[in-house]
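Report on the structure
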Amino acid sequence: MSSVLDELRARGFIKEIAHEDRLRERLDQKGLKFYVGFDPTADCFHIGNLIPIMCMAWLQRSGHSPIVVMGGGTAMVGDPSGKDKTREILSKDQVEHNLKKQRPLFARFLNMDETLVLNNAEWLLSLNYVSFLRDIGRHFSVNTMIKAEGAKQRLERGQGYSFIEFNYHLLQCYDFLHLYQEHDCALQIGGDDQWFHLCGGMELIRKEAGGESFGFTIPLLETSDGKKMGKTEKGAVWISGDKTPPFEYYQFWINVQDADVIKLMKLYTFLPLDEIEEYAQMKGADLRIAKRKLAYEATKLVHGEEAAQESE
C-alpha cells in the first residue's frame, strides 16, 4: 500500500472523511498526532470498541502519534449520538471505576511509550460556564444543531432532547480544539455516529484558532445481512477474559457467518492484505480454514498466543 490511508480504506476502517487530499499529504509526512475518545460507560471494551483501537494501532505502526482521550468529563453528560432516549448519567464513582479498568487495556494493542493518555475531565470540569458560553458557544448555531441526525430523529418522534444532551456537542468540539492548541493534534477519529461532532470540532478549530484539522469516521460493525454485530446469547463479546473467557472469544469468531469472515479478518487482525486475499479465494468447506485463522489471530491479539493455542 502506498499510503496508510489506502491501507485503512482497504481494510474497512473509513466511512466518511474530511479533506482527504490534505490529510493524505499530512499522513505521508509521518508524525501526525491524532485522537480517539472513549467514554467510560462500562469497565471494559467490547469488540465494537476494538475497531477504533485497531485503527489507532495501524496509524501508530505507520509512524503517527496516538492520543487516547478518556471521557471522564463528557461521561458526566453522556453522548446522545445514536440513542433514542437520554442516557443514564453515571455517578462520579462509576466513571472513576470504569476509567481505572479501561486504561490498562490499551497496552494490548498500542505502544504505550509512544501513546499519550488523557482524561478530558482535566480541562472540562474546570471550565467557567459563562466564559465557555461567551468564547466557545458563540461559534455554534442552534439551527444547525437541531438538524443533526440524532437530534432531528428524537424531536420528530416527540421523545425530547434534554438541555444537557444539547451541550454535549459543544464539549466534544471543545475537546478537539483543546487538543489542537495544547498537543498539536490535527486528526480526530470516531464511530459512524460521530460525524456531526467531528465536523463541528474541525469548524471550531478553523474559527477559534484559524487552524487546519481533519477527521474520519469508522463504519458501524454489522453482519452481511445488516444486523448489528458483536453480541451473543450471553450478551456483548468483551475483550477481558473475566467477562468473555478466551475459549468463548475464540468460539465467537469461528462461528461468524461465512460472508463476514474476510471483512472481519481485515479489521481484527494484522495479517497482510495479500495473505487475506488468499483466504478470500476459499469457498465452501474450505472457509473453515479461514475461520480458524480468523479465530486464532483475533484471540492471540487480545488474549495472547498461549490462550489462542489452548482455545484451538
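Residues numbered from 1 in each chain as written. Predicted model: local features only at pLDDT ≥ 70, side-chain atom pairs only at ≥ 80, totals over all residues. Heavy atoms only, no water.

Another point: the side chain of D260. Within the fold, D260 resides in the loop between helix 11 (246-254) and helix 12 (261-268). A residue is classified by how much of its surface remains accessible, and D260, at 1% relative accessible area, is buried. With near-sequence residues (within four places) excluded, D260 lies in contact with T223 and S224. (Helix = DSSP H or I, 4+ residues; strand = E, 2+ residues; numbered from the N terminus. Buried < 20%, exposed > 50% of the residue type's maximum accessible area, 1.4 Å probe, protein only. Contact = heavy atoms within 4.5 Å.)

Turning next to helix 12. Since one α-helical turn is 3.6 residues long, residues separated by three or four positions face the same way. A large share of helix 12 lies buried, amounting to six of its eight residues. Taken together, the buried positions of helix 12 are V261, I262, L264, M265, L267 and Y268. In this fold, the buried residues of helix 12 make contact with helix 1 (4-11), helix 3 (47-61), helix 11, helix 13 (273-280) and helix 14 (287-303).

Before going further, it helps to examine the pairing of strand 5 (residues 185-191). For strand 5, a buried count of six out of seven residues is recorded, marking the element as mostly surrounded by other parts of the structure. Across four bridges, the pairing between strand 2 (residues 33-38) and strand 5 is parallel. Bridge pairing in strand 5 places Y35 opposite Q188. Relative to strand 6 (residues 214-218), strand 5 runs parallel, the two sharing five bridges. Paired with L187 across the two strands is F214, which belongs to strand 6. After leaving strand 5, the chain enters helix 10 (residues 195-209) and then returns to the sheet as strand 6, a path that is right-handed. (Pairing = 2+ DSSP bridges. Right-handed = clockwise from strand over helix to strand, strands pointing away.)

Once that is clear, we can look at the pattern of salt bridges. Summed over the entire model, instances satisfying the criterion amount to 17 salt bridges. Between E20 and R24 there is a salt bridge, with its nearest N and O atoms 3.4 Å apart. Placement of both E20 and R24 in helix 2 (residues 20-28) is noted, with a separation of four residues, approximately one turn of the helix. Since its relative accessible area comes to 24%, E20 is described here as partly exposed. For R24, a relative accessible area of 21% gives the class partly exposed. With a shortest N-O distance of 4.0 Å, E203 and K207 are connected by a salt bridge. With a gap of four residues between them, E203 and K207 both fall in helix 10, about one helical turn apart. For E203, a relative accessible area of 32% puts it in the partly exposed group. (Salt bridge = Lys/Arg side-chain N within 4 Å of Asp/Glu carboxyl O.)

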